[in-house]
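A closer look at the structure
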Amino acid sequence: MNDPKTPLSEMRERIDSIDRQIQQLISERANHARTVAKVKGEGLSAIDYYRPEREAHVLRMVVDRNQGPLSDAEMVRLFREIMSSCLAQEDPLKIGFLGPEGTFSEQAVRKHFGHAAYGLPLGSIEEVFQEVAAGHADFGVVPVENSGQGMIQVTLDMFLTSDATICGEIELRVHQCLHSRSGRLEDVRRIYAHAQSLQQCKTWLRINLPEVECIAVSSNAEAARLALHADDVAAIAGESAGKVYRLKTVAQGIEDRADNTTRFLVIGRTLFPPSGNDRTSLLVTVNDKPGALYDVLSPFAKHGISLNRIESRPAHTGKWQYAFFIDVSGHIDDDALQAAVHDIGESAASIRVLGSYPVALP
Ligand SMILES: C=C(O[C@@H]1C=C(C(=O)O)C=C[C@H]1O)C(=O)O
């Protein structure tokens, strides 16, 4: 006990022993997951085995059991990666996202599907929808809303013209950084970033770099790529984009709102069963007549369903026709929601269930 190294080496031995057990259990788990996959059918691909509702349930149990010291989000991340590797034993899920590498969309893909999934960087939100529809990607991940700036209209409008379903939602805390080749604030004369990111950092830019020219480009990762070519150019992007393009960080956490969060949707081609804590997205079009919106909303109150969100867009089907994107609590298999959808169908021009999916995990 007098040797100060003894307690340390004892602790390390204990950690080694725990690691051996963890590793053995992970292997055992992977074997079970493989057996489950065999039960579901031989020779199928990952998308046939993948059960988002079961994964959400597994992760909620992880949160319920968690007693620290690691946070719920950390525990969920670790278990997500274990499930990701278990599922990818067959062949990995292919996930389309708004590229290039290093975007917040890619971070959302990793948060939801883990690192064993195959990420397919695509050129635009439209392309993500197209590649999912064509079957080139199993799922797609698209941004839909930012806590400070509201809805991303391109994404909403894609649901008006495509058959995409919604299979999940992801909430990502967005931390913005300023990156450049030199890493020195005094060198910066021009800043590249996605328009949304410039908006999110407006106050910081006004205070710290009032004279600098700000230029909007197609993505933050593209901004980082451009910053590689000159010493007086900086890019606003996430930490991972800075790493991908080997830039130095001039400043971090430069977003104006401390709770800056972007919500992403997982899009696919099918609907999944209930997970126990779900949200349903509906697309309702109405004709221009008195009380149209009242007729859409009153069935939710009548059947005791909580409305989470409503957003209106021009419907593209005719002048002055409107499409309402409505998110409610519950799964479309619930009797109350079935009844509400039936009632709305009586008065609305059309109603479509975009998807029922597990509420975002931490
Ligand atoms: C093992 C299963 O299949 C897949 C793998 C899971 C896992 O590793 O826990 C969970 C759901 C499925 O995506 C299952 O359905 O239980």
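Residues numbered from 1 in each chain as written. Predicted model: local features only at pLDDT ≥ 70, side-chain atom pairs only at ≥ 80, totals over all residues. Heavy atoms only, no water.

Of all the 10 residues making up helix α5 (residues 104–113), 8 are buried; the element is thus mostly covered by neighbouring parts of the structure. Within the sequence span of α5, burial applies to F104, S105, E106, A108, V109, R110, H112 and F113. Downstream of α5 by a residue or two, G114 has a phi angle that is positive, lying close to 75 degrees. (Buried < 20%, exposed > 50% of the residue type's maximum accessible area, 1.4 Å probe, protein only. Helix = DSSP H or I, 4+ residues; strand = E, 2+ residues; numbered from the N terminus.)

One can read the domain layout of the chain as domain 1 (15–87), domain 2 (94–174 + 261–267), domain 3 (177–252) and domain 4 (271–358). Taking only C-alpha atoms into account, the centre of domain 2 sits 22 Å from that of domain 4. Contact residues are listed per partner, giving 17 residues for domain 2 and 20 residues for domain 4. Contact between domain 2 and domain 4 buries roughly 1,600 Å² in total, counting both sides, with carbon and sulfur atoms accounting for 57%. Seen at the junction of domain 2 and domain 4, the total is 4 salt bridges. R313 is the salt-bridge partner of D157, the closest N and O atoms lying 2.7 Å from each other. Inspection of the region where domain 2 meets domain 4 yields 10 residue pairs in polar contact (both at pLDDT 80 or more). (Domains from an automatic or database assignment. Contact = heavy atoms within 4.5 Å. Buried area = accessible area lost by both parts, 1.4 Å probe. Salt bridge = Lys/Arg side-chain N within 4 Å of Asp/Glu carboxyl O. Polar contact = N/O pair within 3.5 Å; in protein donor to acceptor, adjacent residues only side chain to side chain.)

This part covers the nonpolar core. Of all hydrophobic cores here, the largest spans 26 residues; its most connected members are I125, F129, V142, F159, I267 and F325. Put simply, the parts of the chain that give this core at least two residues each are β2 (118–122), α6 (125–133), β3 (139–146), α7 (153–161), β11 (261–268), β14 (322–329) and β15 (350–358). Counting residues in each nonpolar core, the second largest holds 22 residues, with L87, A117, V141 and L172 among its members. (Core = buried A, V, L, I, M, F, W, Y, C linked by side-chain atoms within 4.5 Å.)

For an α-helix, 3.6 residues make a turn, and residues three or four places apart therefore share a direction. Taking 1.5 Å of rise per residue, 16 residues should cover 22 Å, and helix α4 (residues 72–87) covers 22 Å from first to last C-alpha, within 8% of that figure. Taken as a whole, α4 has its buried residues at V76, R80, I82, M83, S84, C86 and L87. (Expected span 1.5 Å × (residues − 1).)

Its location among the elements puts G99 in the loop between β1 (94–98) and α5. When near neighbours in sequence (up to four residues on either side) are disregarded, G99 contacts P121, L122 and S219.

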